[in-house]
Amino acid sequence: MNNILLVAAREFRQIAGMRSFWLTLVIMPLSIVIGALVPQMIANDEPDRVVIIDRTGGGEARAIEQRFKLDEGRDQLSDLSRYVQRHHLERADPAAAWSRHDRWYSDADVAAFNAAGGVESAKAKIAPVKAKDTPEFKAAHPDYNIVPTPASLQATPDARLDNALKPILKPEGKDAEPVDYVILIPASFGESPVVRLWANRQPSQRFDATVKAVLTKDLRSRFLASQGVSEAAAQSARTIAPALAISPPPPGGGA
């Protein structure tokens with residue numbers, strides 16, 4: 001045992017005398033802290049700017065914008081529900097959707113939540129019942145912002161949009177604000193399923209899935225109408241979806 005301790009002490013003195021040991025000892029904690037802080041510092045909370053050129057009359061653009069707003073409201077409602085559950089604030093309004101936590105919020109739930117005043121109305125109800133040390137609820141920024149389509153783009157033929165969109169997606173001005181996505185819904189949409197998308201980076205999967213879901217519903221209703229199904233029945237078929245009753249684990253009581 002004495003020999004083992006003698007060798008261990010010698011090894012420790014040799015390693016502790018190396019500069020690389022002390023540098024590693026300092027660098028490792030710093031790298032952990034920097035790795036945690038950098039993503040927060042470079043995170044972009046600004047919503048993606050979206051331009052929709054709808055050659056069909058505007059109905060598709062309105063449907064996409066409505067879908068974005070519903071998804072935004074659903075995210076806010078879900079986050080608010082977790083906040084209420086974590087801090088036991090259901091008594092603020094037991095009948096409100098954000099006081100019921102065992103569900104996937106449907107479009108009807110989100111529409112009712114928005115019609116009732118959304119986050120601001122809920123916070124006003126929660127304020128009288130929450131404890132002083134309970135943190136304030138902060139809603140996340142929206143993912144997308146629909147930008148009005150410039151008149152110049154509306155008048156530009158589809159075949160010339162590639163060149164016309166370059167200064168919009170990649171503006172050269174220092175203070176110019178780029179557009180992240182441009183969607184073209186051609187006049188032939190319905191007869192043809194082709195829709196064009198320009199982006200200034202790789203499109204996110206959520207954006208792609210949302211736009212496809214909206215346009216797919218419309219294509220299906222058009223197809224059903226072409227098969228002799230009444231317009232009312234075709235519209236009803238678009239809204240058929242399963243309703244999930246979810247039993248999530250309760251949120252933690254910490255930070």
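Look above for the structure.
In this report, we go over the structure that sits alongside the text. Note that the coordinates shown come from a computational prediction; the quantities given were computed from them, not determined experimentally.

**Some remarks on the pairing of strand E1 (residues 48-54)**
- When you tally the buried positions in E1, you get seven out of seven residues, the bulk of the element.
- Going residue by residue along E1, you find Asp48, Val50, Ile52 and Asp54 tucked away on one face and Arg49, Val51 and Ile53 tucked away on the opposite face as well.
- Of the strand pairs in this sheet, E1 and strand E2 (residues 144-146) are connected by three bridges, and their pairing is parallel. Residue Asp48 lies in a different strand from E2, and its bridge partner there is Tyr144.
- Summarising the sheet, E1 and strand E3 (residues 181-185) pair through five bridges and their orientation is parallel. Looking at the pairing, Val50 lines up with Tyr181 of E3.

**Regarding the sheet that holds E1**
- Reading across the sheet, the four strands line up as E2-E1-E3-E4 and stay open at both edges, with mixed pairing between neighbours. Each edge of the open sheet carries a strand with a single partner, namely E2 and strand E4 (196-199). Across this sheet, the average inter-strand angle for adjacent strands is 25 degrees, counted without regard to direction.
- Here four bridges tie E3 to E4, and the two strands are oriented antiparallel to one another. Paired with Tyr181 across the two strands is Ala199, which belongs to E4.
- Across the sheet, helix H3 (residues 59-87) is in contact with E1, E2 and E3; its angle to E1 comes to roughly 155 degrees.
- Where helix H9 (residues 205-226) meets the sheet, it contacts E1, E2, E3 and E4, and its direction lies at approximately 20 degrees from that of E3.

**Some thoughts on helix H5 (residues 118-126)**
- Of the residues making up H5, those classed as buried are Gly118, Val119, Ala122 and Ile126. The buried residues of H5 occupy one face: seen down the axis, they fall within an arc of 95 degrees. For H5, exposure combined with an orientation more than 90 degrees from the buried face picks out Glu120 and Ala124.
- Structurally, H5 contributes buried residues whose contacts are with H3 and helix H4 (107-115).

**Considerations on the packing of aromatic side chains**
- Counting across every chain of the model gives five aromatic pairs.
- Aromatic side chains Tyr83 and Phe137 sit 5.3 Å apart centroid to centroid with 55 degrees between the ring planes, which places their arrangement in the tilted category. Residue Tyr83 is found in helix H3, and its partner Phe137 is found in the loop between H5 and E2; the two are separated by 54 residues along the sequence. Phe137 shares its class with Tyr83; the two are buried.
- Each member of the aromatic cluster is reached from another via a ring pair, and the members are Phe68, Tyr144, Tyr181 and Phe207.

The rules we used
Residues numbered from 1 in each chain as written. Predicted model: local features only at pLDDT ≥ 70, side-chain atom pairs only at ≥ 80, totals over all residues. Heavy atoms only, no water. Buried < 20%, exposed > 50% of the residue type's maximum accessible area, 1.4 Å probe, protein only. Helix = DSSP H or I, 4+ residues; strand = E, 2+ residues; numbered from the N terminus. Pairing = 2+ DSSP bridges. Axes fitted to C-alpha atoms, helices over the stretch in contact; angles between N-to-C directions. Contact = heavy atoms within 4.5 Å. Arc of directions from axis to C-beta. Phe/Tyr/Trp six-rings, centres within 6.5 Å; stacked < 30°, edge-to-face > 60°.

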